[in-house]
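Residue-level structural notes
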Amino acid sequence: MIEAGFELETLTDEDVVRRVLAGEIEMFEILMRRYNRRVYRTVRAIVRDNAEAEDVMQDAYVRAYANLGQFAGLAKFSTWLTRIAVNEALARVRMRKRLVYLPGEDTGGIGMNIYTSQTSDPEQNALAKELSSVLEEAVDSLPEAYRSVFMLRQIEDMSTAETAECLDISEEAVKVRLFRAKALLRDELCSRIGSAAPDAFAFDGLRCDRIVAAVMDR
């Protein structure tokens, strides 16, 4: 496992990719640690199972590594990696034949704002964790197509264009699905989530280390 350092932290994704392709295989760990949370959230939004999400993550990273030479830099590496993760997750869903389809009716729109917590107060942190759990349950209840868009746009704070590229849909579809995803979440939840979103679907510590170790072993 490589040691983190200022020099490594300042490397761009493209720099890291070039060094991995040049034979510094261990540098791939940098990319995994940079995007573990995004990949986890993306995959988790599709498969709706923590353990299966980690399994799919490993497959996605292995596929990304095997095809790293095909990364041409035309899109951001994070977008390229996310698309691979999406495809792996969708393949897993198709395999277990539990595809979720979009409902036919629009239920109207409601606003939802997610804010970053600025407090270190223990009670506030406990509340944030509780609300993030509520948010996770609410997001899990969304149809898959809405859930994926909501996860990338609202929780990962990706742009409409990048979300569209990751999910291989139009920007207009992203906007419509995000609107409908918000509409399916109750006003009561919208008023309570506050600072919880950045902590939802967390992926760090031992879980992050486990994924890195498993992929490096493979």
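Below, the structure is looked at part by part. (Residues numbered from 1 in each chain as written. Predicted model: local features only at pLDDT ≥ 70, side-chain atom pairs only at ≥ 80, totals over all residues. Heavy atoms only, no water.)

Assigned secondary structure in the protein chain consists of 11 helices and zero strands. Helices (α) and strands (β) of the protein chain occur, in sequence order from the N terminus, as α-α-α-α-α-α-α-α-α-α-α. Expressed as a percentage of its 218 residues, the buried residues of the protein chain come to 44%. Within the protein chain, contacts between residues separated by at least 24 positions form 76% of all contacts whose residues are at least 6 apart in sequence. A total accessible area of about 11600 Å² is found for the protein chain, and carbon and sulfur atoms account for 48% of it. (Helix = DSSP H or I, 4+ residues; strand = E, 2+ residues; numbered from the N terminus. Buried < 20%, exposed > 50% of the residue type's maximum accessible area, 1.4 Å probe, protein only. Contact = heavy atoms within 4.5 Å. Areas by Shrake-Rupley, 256 points an atom, 1.4 Å probe, with all protein chains shown as cover.)

Take the nonpolar core next. Phe-28, Val-39, Val-43, Val-47, Tyr-61, Phe-77 and Phe-150 are the most contacted members of the largest nonpolar core, which totals 57 residues. A total of 11 residues in this core trace back to one element, the largest contributor, which is helix α3 (residues 28–47). The contact partners of Tyr-61, leaving out residues within four places of it in the chain, are Phe-28, Met-32, Tyr-35, Asn-36, Val-39, Leu-81, Ile-211 and Val-215. (Core = buried A, V, L, I, M, F, W, Y, C linked by side-chain atoms within 4.5 Å.)

Turning our attention to the pattern of salt bridges. What the rule picks out here adds up to 19 salt bridges. Within this structure, Arg-37, Arg-38, Arg-41, Lys-76, Glu-156 and Glu-162 form a network of salt bridges that share partners. (Salt bridge = Lys/Arg side-chain N within 4 Å of Asp/Glu carboxyl O.)

As enumerated under the stated definition, the model contains six aromatic pairs in all. Each ring, one from Tyr-35 and one from Phe-77, has its centre 6.2 Å from the other, and the planes form 45°; the classification is tilted. On the criterion of sequence distance, the pair formed by Tyr-35 in helix α3 and Phe-77 in helix α5 (residues 77–95) is long-range, its members being 42 residues apart. By the burial criterion, Tyr-35 is buried, and Phe-77 matches it. (Phe/Tyr/Trp six-rings, centres within 6.5 Å; stacked < 30°, edge-to-face > 60°.)

The next thing to look at is unusual backbone geometry. Positive phi values are uncommon outside glycine, yet Arg-48 reaches one of about 55°. Non-glycine residue Asp-157 carries a positive phi angle of around 60°. Within the secondary structure layout, Asp-157 lies in the loop between α7 (144–155) and α8 (160–167). Taking the relative accessible area as the measure of exposure, Asp-157 reaches 64% and is therefore exposed.

Turning next to a nonpolar patch on the surface. Judged by side-chain polarity, Ile-25, Tyr-65 and Met-216 come together as a nonpolar surface patch covering roughly 240 Å² of accessible area. Looking at where Tyr-65 falls in the secondary structure, it is placed in helix α4 (residues 50–66). On the accessibility criterion, Tyr-65 (35% relative accessible area) is partly exposed. (Patch = residues over 30% accessible without salt bridge, like charges linked within 9 Å, V, L, I, M, F, W, Y side chains within 5 Å.)

Here Asp-140 is to be found in helix α6 (residues 122–140). The residues contacting Asp-140, other than those within four sequence positions of it, are Arg-44, Arg-48 and Arg-147.

Below, the discussion takes up the packing of α8 against helix α9 (residues 171–183). Two numbers describe how α8 lies on α9: the axes approach to 8 Å, and their chain directions differ by 100°. Considering their axes alone, α8 and α9 lie roughly perpendicular with respect to each other. Counted together, Thr-160, Ala-161, Thr-163 and Ala-164 of α8 and Glu-171, Val-174 and Lys-175 of α9 form the full contact between these two elements. Considering only residue class, the contact of α8 with α9 consists of three nonpolar, two polar and two charged. (Axes fitted to C-alpha atoms, helices over the stretch in contact; angles between N-to-C directions. Parallel < 35°, antiparallel > 145°, perpendicular 65-115°, else oblique. Nonpolar A, V, L, I, M, F, W, Y, C, P; charged D, E, K, R; others polar.)

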